[in-house]
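Listed below are the residues making up each chain.
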Amino acid sequence: MSAPVPLLVARCRALPGSAAGKHSLELGRVGESAARVDGIPKTTGEFAYSSDLAAAGMLWGHTVRSRHAHARIRGIEISEAVGMPGVHAVLTHDDVPGEKRYGLEFPDQPVLAIDRVRYFGEAVALVAAEHPEQARRAAAKITVDYEPLEPVVDPERATEQEPLHPDRPTAGHGYLDDPRPNVIRSMVVRHGDPDALGDVSVEGVYEVGIQDQAFLGPESGLAVPDGEGGIDIYVATQWLHVDRDQVAPCLALEPEQVRIHLAGVGGAFGGREDLSMQIHGAMLALHTGRPVKIVYGREESFTGHVHRHPARIWAEHRAALDGRLVAVRMRILLDGGAYASSSTAVVANACAFACGPYRVDNALIESTCVYSNNPPCGAMRGFGAVQTCFAHEAQMDKLAAVLDIDPVELRLLNALEPGDVLPTGQTLTGSFPVAEVIRRAAALDPPEPEELPRDPLRLPGGSGNTTHGQGVRRGIGFAAGFKNICYSEGFDDSCAARVRLFAGGAGELQAEVHCAGAEVGQGVTNVILQVARTELGIESVVLAPASTADVGSAGSASASRMTWMAAGAVQLACRAALEERERTGVDVDVERVYRHPRTWPLDPETGQITGGPAHVSFACAAMKVVAEVDVELGLTRLVWIGTAQDVGKAVNPQAVYGQIEGGTAQGIGLALMEEIQTRGGLITNASFTDYLIPTTLDVPPIVAELVEDPEPDGPYGLKGVGEPPTVVSTAAVLSALRAATGRELARVPVRPDEIVGL
Amino acid sequence: MDVLTPRSLDEALRLKTEHPDAVPIAGGTDLMVALNFDRERPGVILNLGEVPELRGWSRDDGLLRIGAGLTYAEAMAEPLRSLLPALAEASRTVGSPQIRNRGTLGGNLGTASPAGDSLPPLLVEDAEVEVASLGGSRRIALHEFLVGPKQNALAPEELIVAVLVRPSGAPQTFMKVGPRNAMVIAVCSLAVAVDRERGELRAAFGSAGPVPLLVIAPLAEADGFPALVASAASPIDDVRGTAAYRRHALRVLAVRGLERCLAA
């Protein structure tokens, strides 16, 4: 294996993923708040993101994308583009050296469209040129002869329309065999007697729009040929080794010939689990023999990654007069878009968390995800649990109203606790303090309403100056939710870490840690260093760049698992290194692989556990939201949020608070404004002018309580923390809006029209 | 793409005559977005940032002459703020502090978007636009200057030099509706003034028709004025909002605007 080609990395002081990023700041140990190692460079603008990479002799790649949601390709004419100034390569599907398709779960997505495009923005051809403008101009000269086809855009109808993937790439994977066209996965969870009747019943139909991860750093990276037929790819990603395992077959290379190196990540939130420029950049680089950089524009980025699945959910909750839940029945329809991505796991999550963190003896949950010609959907923070939490919490509020029981009391009455059985048949073990987070969040006191007159910035409509108090109603909402931590359903999940112990110049012990865990902004770099310092009892620890070149897979920075898995692996490797050094007395270099407790698949017919638990662990959160709503204009100002979250053990409390604030902001976005809009499958708002994300005026002060009830299976008792705030916040905001307006508000993001009743 | 940077108004006008297709740039808050999104690739850009005659503002016998290069941040500062309060309020609704430091009134007029935030308050104040070419200058009433969505009355060799306005002193306000509490393009907006001297209720809306439009009624007809404003609009459904909501919101804004101005 050859060493990676050295890079000219501009303005870099602390770039995870580059040699310049070796960290040795004073960072504290497990349980102490430690300043982010990349905090200052990111704040001052000195941090090098993947879009800042450069190499000598570098070319710029550009991707030609479909302007149709569904069309047959009759031909691609590239001859004019090939002759354009500065152009070194123009490639199409014919030039893909190996496998023509890839995918996280099924290889159903063409590297470059072959005979059909299935979504707006699908990659069709590639150009490499000396200058990005030359690449764009050449791309504009590529003529794709399309025959537009009727797009499948209504998920309700998709199961009756022509199959978009006639060869059914999803068949035979051990899921429920669903012969309907365009089904990616359907799943049923049948528990107890789903027909059991309660004294009361509430129903609702809920809808969730398409949310985007809206990371600020667009997809970008640099592919560098190694001169021996292999390739080094420097890219912002979430899972280096699975990138490699998807890239190598498409390039017809051995996995060792493809080395993925983590470049500076400008946000991920699930949107970087799927490949973006990796294969494309590598194809261009191998073809030209020169480094090739690709940076997506903002509009392109909206088509360059998967989104959160939009959902339609029908729910019925039956309860006894005393408030006990008797049965929950729910149907969940998810639109997966053109390619499967991680949709099958989203289906399972939507089912598994459909009832919320409540004891339900009888349930019938059905969840289906379909293919369509809408934008492809996959992983996004909360992963199926966000959509169902919005529905089950609206249902719990309805039930509380019908039964005339305080909404918090109703939730406490039904709160799950260890020993209870989930609708999948899994018995809860370990830590799961649902009642505690509900009590702690409920006990937080919101501030008194502010006096009028006020600065309009402190009223709904904010800087728009739309009210001086007219039409403003205050509402307080509450929600609770939960989600799994780590991968599930029998996935063989692991994380490797390598620790080198050696004597420094003055004879003092020093350590270097290798781990391919992706720093996506969540702070795993700090976690790794804190664990190593704690285990080794020394200060001088450096973290090597994350790469597939010199350490095994860390798994994905997903499913709130990275802190758990990296801490487990680093702990294991540190202990082994100390032991070996003690035994041998020389410098040591050991690698260890950590695995969390095993899980088992769910029964494809009943959705019940088989052989053992389907999930490793769960984390819950509860949130209280105070909103002021201008009910005449339909505008909202969130005043205050109080939340309590089950974190097991906070490794870096400051970072945990940061995750809670950021995750809550993302849930606020889904509640109030974030939606990818489409017409006939075409995205109509692919910009930050029209895809709005919350500003500082839209995110109120957040008071967070950390509930530390150690998870027996988690390293140091920790649980992941990234997703629960996003799961509950959308539901909690909507609860507050309903309290303020008296309206049902069954769709997110809420439109002003719905608040004013148009 | 060439960038021409004149150092005086005369030089700017000469360059505009030589390059009638040159696209003027002041703060760049519209044009740079278009360039970044690859929507425009002008052959020549005329950079007006170094033309001193376009900067600042002056007052002559009650008539304000506001240079086209006046930024939103400058429009928010005293004493201009007291002279044209609705324009200051509108300027506060524009983008972020960075955008308000860069964006100019001249740029807002040049772009002539139905959503241009400075346009409704200037309409309410009967502003005129001073445009110039090598052949001389002319004044165009703002409502005649705005001829369609992103279309204005400027001839190819002309540049926007100033905005002329005689402050009415009437109580006035500006309101803008957006689904986010800052940094939004208007879903719809409304400037309102109650001009007792003229005996008029005056309102101008944005983002509710092809151009921002001025609506006038006698002082005594306050009760019917919100409905009049709403019916004067011709909004559409788009990614930012529905026509029905825009009409509804204009009515609410007109009620509130009148309430504010009548109380003042």
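Because the structure is a prediction, the values reported are computed rather than measured.

Novice: Where do I start with the overall build of chain A in this structure?
Specialist: Of regular secondary structure, chain A possesses 16 helices and 30 strands. Compactness check: chain A gives a C-alpha radius of gyration of 26 Å against a globular reference of 27 Å for 758 residues, within 12% of the reference. Principal-axis analysis of the C-alpha atoms places the extent of chain A at approximately 75 × 70 × 60 Å. Per-residue burial for chain A yields a buried fraction of 65% across its 758 residues.

Novice: Explanation requested: the overall build of chain B in the structure shown.
Specialist: Along the backbone of chain B there are eleven helices and 14 strands. Compactness check: chain B gives a C-alpha radius of gyration of 18 Å against a globular reference of 18 Å for 264 residues, within 12% of the reference. When its C-alpha atoms are laid out on the principal axes, chain B stretches across 55 × 45 × 30 Å. Partitioning the intrachain contacts of chain B with sequence separation of at least 6 by distance along the chain shows that 59% fall at a separation of at least 24. Here chain B displays about 10,800 Å² of accessible surface, and carbon together with sulfur accounts for 52% of that area. On chain B, the mean spot of the 27 positive side-chain charges and the mean spot of the 31 negative ones are 6 Å from each other.

Novice: Explain the interface of chain B and chain A here, please?
Specialist: By a frequent convention, interface size equals the accessible area lost on bringing the separate parts together. Between chain B and chain A, the contact holds 31 residues from the first and 41 residues from the second. Around 2,900 Å² of area is buried between chain B and chain A when both sides are counted, 51% of it from carbon and sulfur atoms. Contact with chain A buries area across many residues of chain B, yet B:Arg180, B:Asn181 and B:Arg256 alone supply 28% of it, more than any other trio. Counting across the chain B and chain A interface gives four salt bridges. Put simply, A:Asp630 and B:Arg256 hold a salt bridge, and the shortest N to O gap is 2.6 Å.

Novice: Just to check I follow, could you spell out the sheet that holds strand S2 (residues 23-25) of chain B for this structure?
Specialist: In sheet architecture, strand pairing relies on hydrogen bonds along the backbone and comes in two forms, parallel and antiparallel. Residue and element names in this part refer to chain B. Overall, parallel pairing links the three strands, which are arranged S1-S3-S2 in an open sheet. Looking at which strands have only one partner, the edges of the open sheet turn out to be strand S1 (2-4) and S2. Going from strand to strand, the sheet's axes swing by 30 degrees on average, the running direction of each strand aside. Of the strand pairs in this sheet, S1 and strand S3 (residues 44-47) are connected by three bridges, and their pairing is parallel. Looking at S3, one finds that Val3 is bridged to Ile45.

Novice: Got a minute to help me understand the sheet that holds strand S10 (residues 143-148) of chain A in this structure?
Specialist: All names here are of chain A. Read across the sheet, three strands follow the order S8-S4-S10 without closing on themselves; strand pairing throughout is antiparallel. In this open sheet, the two edge strands, each paired with only one partner strand, are strand S8 (116-117) and S10. Both strand S4 (residues 71-77) and S10 contribute to a ladder of six bridges, which runs antiparallel. Across the sheet, residue Ala71 finds its bridge partner in S10, namely Pro148.

Novice: What exactly am I supposed to notice about unusual backbone geometry here?
Specialist: Residue and element names in this part refer to chain A. Here Leu452 and Pro453 are connected by a cis peptide whose omega angle stands at -5 degrees. In this structure, Pro453 sits in the loop between helix H11 (434-443) and strand S20 (472-485). Put simply, Val748 and Pro749 share a cis peptide bond, and its omega is -5 degrees. In this fold, Pro749 is placed in the loop between strand S30 (747-748) and helix H16 (752-756). Unlike most non-glycine residues, Ala252 shows phi in positive territory, near 60 degrees.

Novice: What is the right way to look at the packing of aromatic side chains in this model?
Specialist: For any two aromatic rings, the description comes down to two numbers: the centre-to-centre distance and the angle of the planes. Residues and elements named next belong to chain A. Applying the stated criterion across every chain yields a total of 13 aromatic pairs over all chains. Look at Phe47 and Tyr49: their rings are 4.6 Å apart centre to centre, the planes differ by 65 degrees, and that puts the pair in the edge-to-face class. Aromatic pair Phe353 and Phe618: ring centres 6.2 Å apart, planes at 75 degrees, arrangement edge-to-face. Taken together, the residues span a long stretch of sequence, with Phe353 in the loop between helix H8 (343-352) and strand S19 (362-371) and Phe618 in strand S25 (residues 617-630) at a distance of 265 residues. Taking the relative accessible area as the measure of exposure, Phe353 reaches 1% and is therefore buried. We classify Phe618 as buried; its relative accessible area is 5%. Among the aromatic side chains, those forming a connected cluster through ring pairs are Phe353, Phe432, Phe482 and Phe618.

Novice: Which parts of the structure should I look at to understand helix H10 (residues 225-232) of chain B?
Specialist: In an α-helix there are 3.6 residues to a turn, and that puts residues three or four apart on one side. Residue and element names in this part refer to chain B. When we look at burial in H10, the residues that qualify are Phe225, Pro226, Val229 and Ala230. Buried residues of H10 fall within an arc of 135 degrees about the axis and therefore sit on the same side. Summarising the contacts, the buried residues of H10 are in contact with strand S12 (188-195), strand S13 (200-206), strand S14 (213-218) and helix H11 (243-263).

Novice: Which parts of the structure should I look at to understand empty space enclosed by the protein?
Specialist: To find leftover empty space, a probe the size of one water molecule is rolled over the atoms. For the coordinates displayed, the defined rule picks out eight cavities of 30 Å³ or more. Approximately 210 Å³ is the volume found for the largest cavity. Every residue lining the largest cavity is counted, 18 residues in all, and those nearest its centre are A:Tyr102, A:Gln109, A:Tyr119, A:Leu275 and A:Gly304. Among the elements of the structure, strand S7 (109-110) and helix H7 (298-304) of chain A are those that each provide at least two residues to the lining of the largest cavity. Grouping the constituent residues of the lining of the largest cavity by class yields nine nonpolar, six polar and three charged. Of the voids in this model, the second largest cavity is the one considered here, and its volume is about 120 Å³. Considering the residues around the second largest cavity, the lining is formed by 16 residues, among which A:Gly634, A:Leu635, A:Thr636, A:Leu672 and B:Pro179 are closest to the centre.

Novice: Looking at this structure, how should I read the side chain of A:Ser617?
Specialist: Residues and elements named next belong to chain A. The topology assignment puts Ser617 in strand S25. Within the structure, Ser617 has its side chain in polar contact with the side chain of Glu711 (distance 3.0 Å). Contact partners of Ser617, with chain neighbours within four places excluded, come to Lys483, Asn484, Ile485, Trp564, Glu711 and Lys719.

Novice: Before we go on, may I ask you to explain the nonpolar core in this structure?
Specialist: Proteins that are soluble and globular tend to have nonpolar side chains buried together. All names here are of chain A. Membership of the largest hydrophobic core comes to 110 residues, with the highest contact counts inside it found for Ile365, Ile438 and Leu737. At ten residues, the largest contribution of residues to this core is made by helix H9 (residues 385-403). The contact partners of Ile438, leaving out residues within four places of it in the chain, are Val408, Arg411, Leu412, Ala415, Phe478, Ala480 and Ala622. Formed by 83 residues, the second largest nonpolar core is a distinct cluster that contains Cys250, Ile279, Leu501 and Ala573.

Novice: I tried to follow the domain arrangement of chain A on my own but got confused; where do I start?
Specialist: Residues and elements named next belong to chain A. Domain boundaries in chain A define domain 1 (9-45 + 494-594), domain 2 (52-149 + 227-265 + 272-304) and domain 3 (428-487 + 615-756). Using only C-alpha atoms to locate each centre, domain 1 and domain 3 end up separated by 33 Å. With 26 residues of domain 1 in contact, the opposing surface of domain 3 contributes 26 residues. Contact between domain 1 and domain 3 buries roughly 1,800 Å² in total, counting both sides, with carbon and sulfur atoms accounting for 63%. It is Ala559, Ser560 and Trp564 in domain 1 that bury the most area against domain 3; as a group they hold 39% of the surface buried on that side. Put simply, domain 1 and domain 3 have zero salt bridges between them.

Conventions adopted
- Residues numbered from 1 in each chain as written.
- Chains lettered and ligands numbered in written order.
- Predicted model: local features only at pLDDT ≥ 70, side-chain atom pairs only at ≥ 80, totals over all residues.
- Heavy atoms only, no water.
- Helix = DSSP H or I, 4+ residues; strand = E, 2+ residues; numbered from the N terminus.
- Rg over C-alpha atoms; globule rule 2.2 N^0.38 Å.
- Buried < 20%, exposed > 50% of the residue type's maximum accessible area, 1.4 Å probe, protein only.
- Contact = heavy atoms within 4.5 Å.
- Areas by Shrake-Rupley, 256 points an atom, 1.4 Å probe, with all protein chains shown as cover.
- Lys, Arg positive; Asp, Glu negative; His and termini not counted.
- Charge placed at Lys NZ, Arg CZ, Asp CG, Glu CD.
- Buried area = accessible area lost by both parts, 1.4 Å probe.
- Salt bridge = Lys/Arg side-chain N within 4 Å of Asp/Glu carboxyl O.
- Pairing = 2+ DSSP bridges.
- Axes fitted to C-alpha atoms, helices over the stretch in contact; angles between N-to-C directions.
- Phe/Tyr/Trp six-rings, centres within 6.5 Å; stacked < 30°, edge-to-face > 60°.
- Arc of directions from axis to C-beta.
- 1 Å grid on protein atoms, 1.4 Å probe; cavity = no way out; pocket = protein on both sides within 12 Å on 5 of 7 lines; lining within 4 Å.
- Points joined across faces, edges and corners; volume = space filled by probe spheres on them.
- Nonpolar A, V, L, I, M, F, W, Y, C, P; charged D, E, K, R; others polar.
- Polar contact = N/O pair within 3.5 Å; in protein donor to acceptor, adjacent residues only side chain to side chain.
- Core = buried A, V, L, I, M, F, W, Y, C linked by side-chain atoms within 4.5 Å.
- Domains from an automatic or database assignment.

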